[in-house]
Amino acid sequence: MASLLLEQQEKLRRVVDDWCLQSSDLLSHLHGNSGSFSCYNTSSSSDPIHLHVEPIDDLADVLSIIESENVGVSKFLIVVSHDCLEISRLSQMAKKNLYQQLLLFGHRRGPQEVLLEGEPQKAFGESLSLFVQLYETVDEMTHLVVNLLLQLNAVYSNHERSTRPLNSFRTINLRTVLELLGEGLSVLILLDEIVRQNGNIKSHLSLFARMLSKVKLEVKTFGVALDDLDFLDQVVENLQRLFALGFFERLVRADSPLSASLNHVMCNKKLLDAFSSCFYEGCSEILLRLDSWKELPMDRLKIIHVLALLLFSLYASGDAPNKKILKLLSDLLEKLPLIYIGGIKVFLFEILQTKYPKGFSAWLSALEVSKDYILIQKNYLIHLNKLYLRDWQVIRDALSCWAVSFQSSMHPLSEIQNEDWLRLLLKQILQGVVLAERLHVLVVSMLDLHASLEVPLKREKMKSLCHMIVSLKVIGNIFQMRGASIVQSLPHIINIIQLDIEQLILPSKVKLQSEVAKGTQASKLGFFSSLARGSKDMDTKLMDSLSLVLMSLQILGGGGSTKRQLIFSVAQDALQSIGELDVDFFRIRKLMSKFQNVSNFQSIITECVDCSFLYWRREMAQTWLSMLYMDDSKSTWIQYVLDAFSDGLWLLKLCNVDKLTLKFYEQDIVNALRNEIVTPLCRDIEADLRLHVHSTHLKGSVFVNPTKTGVRNLSWYVRMKPLRLPFMYIDVKLLVEMYLHIVFYGHSVMPNYDHKIYSEMRHLGELKYALELDALHHIERSLCPDFDIGNFFDKLEIFSARYSYIIMKQVLIENDFDGQHKKNLRIISADHVASDISMHGLKSLSLVSNLVLDFINRMLTDLNELLQHDAEVDLSMNNIGFSTLGISLQQGDLRYALRKLSIGDHELSHLEQVQSIVTRLGNVLGLLRITAAGCAHYFRNNSWSQARYSSDMSFSECCKMLGLSNDTIVLGSIVDETLTKHQQDDIIKPLSFFISFFSQKLQNRSLCECKDFFKVITDVIANMVDSRVHKEKLLRDYESSSEFNYDGFTMGVAFLLKVLGQDRSFDELNWFDSTKQKFDAVPLPEDTKRASEKSTAGSSGAISSFMLWRQSPSTLPEVNTNKGLDTRTRYQKVLEHFECTLKIARTIMT
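Residues numbered from 1 in each chain as written. Predicted model: local features only at pLDDT ≥ 70, side-chain atom pairs only at ≥ 80, totals over all residues. Heavy atoms only, no water.

1. Topic: the overall build of the chain
So, point 1. Counting secondary structure elements, the chain contains 49 helices and 9 strands.
So, point 2. Expressed as a percentage of the 1150 residues in the chain, the buried residues total 49%.
So, point 3. Counting contacts in the chain only where the partners sit at least 6 residues apart, residues at least 24 apart contribute 82% of the total.
So, point 4. Carbon together with sulfur atoms contributes 54% to the accessible area of the chain, which is approximately 55900 Å² in total. (Helix = DSSP H or I, 4+ residues; strand = E, 2+ residues; numbered from the N terminus. Buried < 20%, exposed > 50% of the residue type's maximum accessible area, 1.4 Å probe, protein only. Contact = heavy atoms within 4.5 Å. Areas by Shrake-Rupley, 256 points an atom, 1.4 Å probe, with all protein chains shown as cover.)

Given below as C-alpha cells:
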C-alpha cells in the first residue's frame, strides 16, 4: 500500500512539474522574456492568438511632413506619391482578396463531378460580391495607372520644363515611380492570367446572364424588384464587356475608351525608353542574385512588374525590342521561365505571347528559347535538380545554425536597446526571411513540375521535400515563439536602419546648407561644378536639393510605415535626378530593401511558410506520413506535416468553397493519418506485446531479424502530445489504448479465461509504452461458452420453471429437476450478464422489456382464470390457515388440523398452480433485476476513458475531436440524446416501470377474481411452510430441488400486491403476527422447554423479525434435526424467514 501511494505521489509531482514549466513559458512569452523557450512540439498555427504588427501612419500625416516652403518640390512629391500609394494599396488588396478567390472559383471536389442544373448560376450569384470587387478594383487601378502615366508623360516631356523641380532635373531617374507603375500593370496582367486559367469564371457568368435575361421576361413570376434587376443586369453587362476585352488589353488597345488619354503617352519616346531602361536595369540586378543567398523575397514578383512595363512600352511604341533587351529576355526565360505568385503559375513566355499583338510574333521568334511548354518545364526541372544538389545540404546547415542562434539569443530587458544586440537580431530576422523564401520557392517549383510532367519522385528526394516542408513550419513556429521579443525590438531596429541612412545623407545636408548660407557658387567648392549653368539655375538646384534632403531626413524621423518608405524612395529618386551629388544612392537602396523586409517580416514569413499549395498535392500526405512512421526519430515531424496540409483548409475557407469539398479534404487528412500512423502503430504495439509475453510462456525468445523488421522505438509515437488539426484533436495514445482494449478482450489468440497473460500484457504496455490499460471483465468459468442472456428472455416460459431466484445473493440457480444431485448447477449473476453484453453487445437486449411485458400479462391472465375456477372451493382465510387451526397435543407431538382437513387432489392442484404462477413471475422479475445490474456493470467497466478524460463536451463532440469514424460520431449523438432525456438505464426498464404500467392497465381492465388475492396468498404460504417443515411434496407439478427456495415466490407476491394495490389490505390482516401468537400460545413439554428456550430466545414478535433481517439470510434456514427443538420451533423459523424475505421483496418494489 505504501509503495502504491509513493507511486501515485510521483506521478502527481511529474504532472505538476510539467504544468509549471508550460505556465512559465507562457508567462515568459506574454512578458517578452525570450530567455527560455520550451522544446515542445507545438504548432504555431494552432495558437488562438497571433501577434501581427507593422508600422503604420495616416496618409494625411505623412503628406503633411513633405509640405515646405518649396511648393514645387512638395507638390511634385505629393502628386506622384499619392498615385503610387494608391496603386500599392490596390495591389496588396488584390493579392489578399482576389487572386486565390478567383483561382478557386467554381472549384469542386473533382473534375468528374457533374453540376446539377442551376448550380453554376447559384455559385456565381453567391460570389457576386467578389466579381463586383473585381470590377471596382480593375476600374480604379486602370484610372490610377492612366493618371500616373499622364504625370510621367509630363515629367518626361521633351518640351522646355519651366516648373520646379522638373527644371532642376539633369537626368530623370524615377525608378520607384516606374516600378510602382509596373506593379499596377502587373495586377491587370495577373488577373487576366487567372481568368484565362479558370474557365469557370466566364462560363458561369454566361449562364448567369442567360438566367437573368429569362428572369427579366417574367419579372412578376419571380417577384424581383425592377430596380434591383436593372442594377444586376448592368453589373453583369459590365463584367462581360470587361472579360471580353481583357484587363490589360482594355488599357492599351486602340479602340479602348482610354486610348484618347494615352495618345500623348504613346508618342513620348523618352518615357517609353525609360520603361525599357527600367526593365533592363531591374531585371539585370535581379538575375545576378537569383537562386543565391542574395536573392530577396520580392525579387521574383518585381520581375513581373518590370516585365509589365516592357510590355506596355512595346505596345505603345509598336517597335520591336532592341538586341540588348532580347538578350536579357532570353536569359530570363532560360533561367526563370516559371514564377509562382499567390498560387498562380505564371509562364513568362506565355505572357509575352498572349499579351503581344500579332505583328510582334516575328521578333518573338528571335528569342533563343524553346516555344514548347513541356520542354521549358523539363529544362527548368533539370535546373532545379541542380540547385537542389548544390544547395540543399548548405540550406540544412544554415537552417540548423540559424535556428540555434535565433532561439538562444538571451538578453535582459535592460539591454533591449543595446545596438550590437539589435544588429544581431536584425541579421537573424533577415536570414530567416531569406531561408524561408528559398525553401518555399524550391519546394513549390519541384512539387508542381514533378506533378505536371508526371515525373516520379525518388524516395530520397521525397524525404528532402518533406524535410523542406517541415523546415518551413519550423521557421514559422520559431518566429511565432519569438514574436513578443521581436515586436519589442522592432522600433529600435527600424531606428538603427534609419540612422544608417541618415549618416549617408547628413554630409550632403551640411554642405548644401553651407553653400546656401554663403550665397556663393558651388563651383568654388567643387561641389556642384558639374551642374553650373548660371547663378539662377544653380540657386534653384541648390534649394530643390536642400528641400529634398530636409524632407528625406524628416521622413526618416518618424515610424517606418510603407507610406514613409515609398515617399522617401521617391524623394531619393528626385534627388538623384537633380545631379551627381556626393550620396551613395546604391547603398541607400540596399538599406531601404532591408528596411522593407524587416518592417514587413511577418507578412513575408506568413506568405513563405504558407503551405496551402499542398491542397493540390494532397496525395503526398499518405506518402510522407508513411515515411515518418518508418523513422521513429522523426516522430515530431508529424505535427508539422499535418499543419502544412491543414493550410489548405484555410485556403478553401478563404475562397468560400462548398462544404462538401471542405469535408472531403478534412477526411483525406484524417484518413492519411489513421491509415499511415495510427493503424500500423496499433498493430505493431499489439504484436510487440504479444510477442514478448508469449515468448516467455513458450520458454524461449521468438527470433526477430532487425535487418528485415527494423529497430524502432514505438513509444515516441505514443508519447506524442495530441495532434492538432483545425477541426479536431487526435490523441494517438488514447486511440492505441482503445484499440488494445478491444483486441485484447475479444482476440482469439488470448483466451478470455487466461487472466495472467492479459495482466502481463497490460503491465508490459504500461512499462514500455506508458499505456494506461484497465483490467477488463472476463467471462466467469461457471458459464458455458454459448451463454447468451437474450436466449433466456426469448424462452421465459421455460426459464421461469428451470431457475430459482435468490434475492439476497442476486443470482439465479438452476433447479435439479431430474433429482440426480448435479455437482455443477448453472448460476447466473450480474457479472455473467456484463460479460455476455461485452461479447454480444446490447442488441440482443433491445426487446427485453416487450418480452417481459408479454410474459407478465400472460401470468396475470392465467392467475385470474385460475382464481375464477377456484371459486367453487372456499380457500379463504375463514376455512384454512394458521389463524383457525385447531392444535392439540398427542403424545408430545404437534398435530395440525391442516393435515386432518379433507382437502383433496383438486384443491391442492389449485394451490400448486397459484404458487407456480407467482413463483415463475418472481423468477422473471429476478432475471430482470440481474440483467439491469449486469448492464450497469458493463457501463461501469467501459467508462474508463470517461473517468480519465472527463470533459464537458458531448459524446458526439468528443468522438469528432478524437478523430473517430462517422458511425461512432452518430452513435455518440444517440448517447447524447439518451442522456438528455435521462434514459441511460432504460435499456432494461426498471421494476417501477412495470409496476406503473400494469397498475394503469388494470384500472381499465377487470380482474375480479384477483380482488382477494391478498387473502388467498396467505393460504399458499401456509401450505408452503408446512411442506418445508415436513419435506412433503404437496405440489405435484412444481418440482423442487433438494434445497427449498421460495425467494421467487416472495418477489412475485410483492409485485402482485403492488400492482393490484393490495399492500395496505395485506398489512391490515396482520397475518404473520397473529400466526406467531398462535404458536406462542401452545405450551411445550417440560423435557423440551430448556432446549427450546436456548434456540428460540428473542425470536418472537418484532424482535425476531428484526434479528432475521439483520442477519440477511441468503437461503431458507435448514431444518434443525436436533432433538432439543420441536416442530413448533421449526415452523416459527420457516415462517419468520418468509416474513423477512417478503419484506425485502416489498422494499425492492417500493
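2. Looking at the layout of surface pockets
So, point 1. Computed from the structure, the second largest pocket encloses a volume of approximately 700 Å³.
So, point 2. If you go around the second largest pocket, you meet 26 residues; those closest to its centre are Ala123, Glu126, Asn656, Val657 and Asp658.
So, point 3. Breaking the lining of the second largest pocket down by element, the ones donating at least two residues are helix H5 (119-126) and helix H6 (128-155).
So, point 4. Considering every element that reaches the lining of the second largest pocket, the biggest residue donor is H5, with 5 residues. (1 Å grid on protein atoms, 1.4 Å probe; cavity = no way out; pocket = protein on both sides within 12 Å on 5 of 7 lines; lining within 4 Å. Points joined across faces, edges and corners; volume = space filled by probe spheres on them.)

3. Notes on unusual backbone geometry
So, point 1. Positive phi is not limited to glycine here, since Glu454 has a value of about 60°.
So, point 2. Along the polypeptide, Glu454 turns up in the loop between helix H19 (419-453) and helix H20 (459-481).
So, point 3. Unusually for a residue other than glycine, Gln810 sits at a positive phi of about 55°.
So, point 4. For Gln810, a relative accessible area of 18% translates into the label buried.

4. Description of the sheet that holds strand E7 (residues 827-828)
So, point 1. Within the open sheet, the 3 strands sit side by side as E5-E6-E7. Their pairing is antiparallel. With one partner strand each, in any of the chains shown, strand E5 (803-806) and E7 form the two edges of the open sheet.
So, point 2. Across 4 bridges, E5 lies against strand E6 (residues 811-814) in antiparallel orientation. When the bridges of E6 are listed, Tyr803 appears paired with Glu814. (Pairing = 2+ DSSP bridges.)

5. Describing the packing of aromatic side chains
So, point 1. Across all of its chains, the model carries 21 aromatic pairs by this definition.
So, point 2. Here the aromatic rings of Phe105 and Phe131 are separated by 5.0 Å at their centres, their planes lie at 90°, and the arrangement is edge-to-face. One end of the pair, Phe105, is in the loop between helix H4 (99-103) and H5; the other, Phe131, is in helix H6, with 26 residues separating them in the sequence.
So, point 3. Overall, Phe105 belongs to the buried group, its relative accessible area being 5%.
So, point 4. Taking the centre distance of 5.0 Å and the plane angle of 25° together, the rings of Phe799 and Tyr803 count as stacked. Both residues of the pair, Phe799 and Tyr803, belong to the buried class.
So, point 5. Ring pairing ties together the aromatic residues Phe105, Phe124, Phe131 and Phe208, which thus form one cluster.
So, point 6. One residue, Lys324, lies across the ring of Tyr280, its end atom 4.5 Å from the ring centre.
So, point 7. We note Lys634 situated over the ring of Trp637; from NZ or CZ to the ring centre the distance is 5.2 Å. (Phe/Tyr/Trp six-rings, centres within 6.5 Å; stacked < 30°, edge-to-face > 60°. Lys NZ or Arg CZ within 6 Å of the ring centre and 35° of its normal.)

6. Side note on empty space enclosed by the protein
So, point 1. Scanning the model with the defined rule gives 10 cavities of 30 Å³ or more in all.
So, point 2. Quantified by volume, the second largest cavity comes out at close to 110 Å³.
So, point 3. Lining of the second largest cavity is provided by Asp291, Glu295, Arg300, Leu384, Leu387, Asp391, Ile395, Glu437, Arg438, Val441 and Leu442.
So, point 4. When its residues are assigned to classes, the lining of the second largest cavity shows 5 nonpolar, no polar and 6 charged. (Nonpolar A, V, L, I, M, F, W, Y, C, P; charged D, E, K, R; others polar.)

7. Some remarks on the nonpolar core
So, point 1. Core analysis: the biggest nonpolar cluster contains 237 residues, and Leu152, Phe275, Trp624, Ile638 and Ile685 have the highest contact counts within it.
So, point 2. For this core, the element with the most residues is H19, which contributes 17 residues.
So, point 3. Summarising the domain contributions, this core has at least three residues from each of domain 1 (40-62 + 402-516 + 556-606) and domain 2 (611-769).
So, point 4. Once residues lying within four places of it in the same chain are set aside, the contact partners of Phe275 are Leu149, Leu152, Leu178, Leu181, Leu309, Phe312 and Ser313. (Core = buried A, V, L, I, M, F, W, Y, C linked by side-chain atoms within 4.5 Å. Domains from an automatic or database assignment.)

8. Description of the pairing of E6
So, point 1. Between E5 and E6, which pair antiparallel one after the other, the connecting turn spans 4 residues, and Gln810 there sits at a positive phi close to 55°.
So, point 2. Judged from the 2 bridges that link them, E6 and E7 form a sheet pairing that is antiparallel. Note that in E7 the partner of Ile813 across the bridge is Ile827.

9. Overview of the pattern of salt bridges
So, point 1. Under the definition given, this model contains 33 salt bridges.
So, point 2. Of the charged contacts in the structure, one is a salt bridge between Asp233 and Lys216, with a shortest N-O distance of 3.3 Å. Of the two residues, Asp233 is situated in helix H10 (residues 226-245) and Lys216 in helix H8 (residues 200-217); the sequence distance between them amounts to 17 residues.
So, point 3. Looking at Lys216, the relative accessible area reads 38%, which means it is partly exposed.
So, point 4. Two residues, Asp688 and Lys768, come together in a salt bridge whose shortest N-O distance is 2.7 Å. Of this pair, Asp688 sits in helix H28 (residues 659-697) while Lys768 is found in helix H32 (residues 755-769), placing the two residues 80 residues apart along the sequence.
So, point 5. For Asp688, a relative accessible area of 15% corresponds to the buried category.
So, point 6. Its relative accessible area of 32% is what places Lys768 among the partly exposed residues.
So, point 7. Residues participating in the shared-partner salt-bridge network are Glu86, Arg89 and Glu140. (Salt bridge = Lys/Arg side-chain N within 4 Å of Asp/Glu carboxyl O.)

10. So, the packing of H20 against helix H25 (residues 601-608)
So, point 1. Here H20 crosses H25 at 150°, and the two axes come no closer than 9 Å. The pairing of H20 with H25 is recorded here as roughly antiparallel in orientation. In the crossing of H20 with H25, the sense of the turn from one axis to the other is left-handed. Two secondary-structure elements touch here, H20 through Leu472, Ile475, Gly476 and Phe479 and H25 through Phe601, Ile605 and Cys608.
So, point 2. Partitioned by chemical class, the residues of the contact of H20 with H25 number 6 nonpolar, 1 polar and no charged. (Axes fitted to C-alpha atoms, helices over the stretch in contact; angles between N-to-C directions. Parallel < 35°, antiparallel > 145°, perpendicular 65-115°, else oblique. Left-handed = near helix turned anticlockwise from the far one by under 90°.)

11. Considering a positive patch on the surface
So, point 1. Together, Lys294, Arg587, Lys590 and Lys594 give the surface a local cluster of positive charge.
So, point 2. Tracing the chain through its elements places Lys594 in helix H24 (residues 585-599).
So, point 3. By relative accessible area, Lys594 is classed as partly exposed at 35%. (Patch = residues over 30% accessible without salt bridge, like charges linked within 9 Å, V, L, I, M, F, W, Y side chains within 5 Å. Lys, Arg positive; Asp, Glu negative; His and termini not counted. Charge placed at Lys NZ, Arg CZ, Asp CG, Glu CD.)

12. Side note on helix H49 (residues 1127-1149)
So, point 1. The terminal C-alpha atoms of H49 lie 33 Å apart, and with 23 residues this matches the ideal 33 Å at 1.5 Å per residue to within 8%.
So, point 2. Burial analysis of H49 places 18 of its 23 residues in the buried class, which makes it a mostly covered element. (Expected span 1.5 Å × (residues − 1).)

13. Section: helix H27 (residues 637-654)
So, point 1. Helix length check: H27, at 18 residues, gives a terminal C-alpha distance of 26 Å against a target of 26 Å (1.5 Å per residue), a fit within 8%.
So, point 2. Most of H27 sits out of view: 15 of its 18 residues are buried.
So, point 3. Two residues or fewer after H27 comes Asn656, characterised by a positive phi angle close to 55°.

14. Digging into the side chain of His204
So, point 1. Within the secondary structure layout, His204 lies in helix H8.
So, point 2. Taking relative accessible area as the criterion, His204 reaches 4% and is therefore assigned buried.

15. Description of the packing of helix H7 (residues 175-197) against helix H14 (residues 299-317)
So, point 1. Orientation of H7 relative to H14, taken along the N-to-C sense of each, is 85°, at an axis distance of 7 Å. One finds that H7 runs roughly perpendicular with respect to H14. Contact with H7, carried on its side by Leu178, Glu179, Leu181, Gly182, Glu183, Leu185, Ser186 and Ile189, involves Ile304, His305, Ala308, Leu309, Leu311 and Phe312 of H14 and no other residues of that element.
So, point 2. Classifying every residue of the contact of H7 with H14 gives 9 nonpolar, 3 polar and 2 charged.

16. Looking at the environment of Ser916
So, point 1. Relative to the helices and strands, Ser916 resides in helix H38 (residues 905-941).
So, point 2. Along the backbone, Ser916 and Leu863 are 53 residues apart, and their C-alpha atoms lie at a distance of 9.9 Å.

17. Regarding the confidence of the model for the chain
So, point 1. Averaged over all residues, the pLDDT of the chain is 75; the fraction at 70 or higher stands at 72%.
So, point 2. This model gives residues 871-908 a pLDDT under 50, and the stretch forms 59 contacts once residues within four places in sequence are excluded.
So, point 3. Predicted confidence for residues 1032-1043 stays below pLDDT 50, and this span has 23 contacts to residues more than four positions away or in other chains. (pLDDT = per-residue confidence, 0-100.)

18. Comments concerning the environment of Asp794
So, point 1. Mapping Asp794 onto the fold places it in helix H33 (residues 789-794).
So, point 2. A relative accessible area of 54% places Asp794 in the exposed class.
So, point 3. Along the chain, Asp794 and Val848 lie 54 residues apart, while their C-alpha atoms are 8.4 Å from each other.

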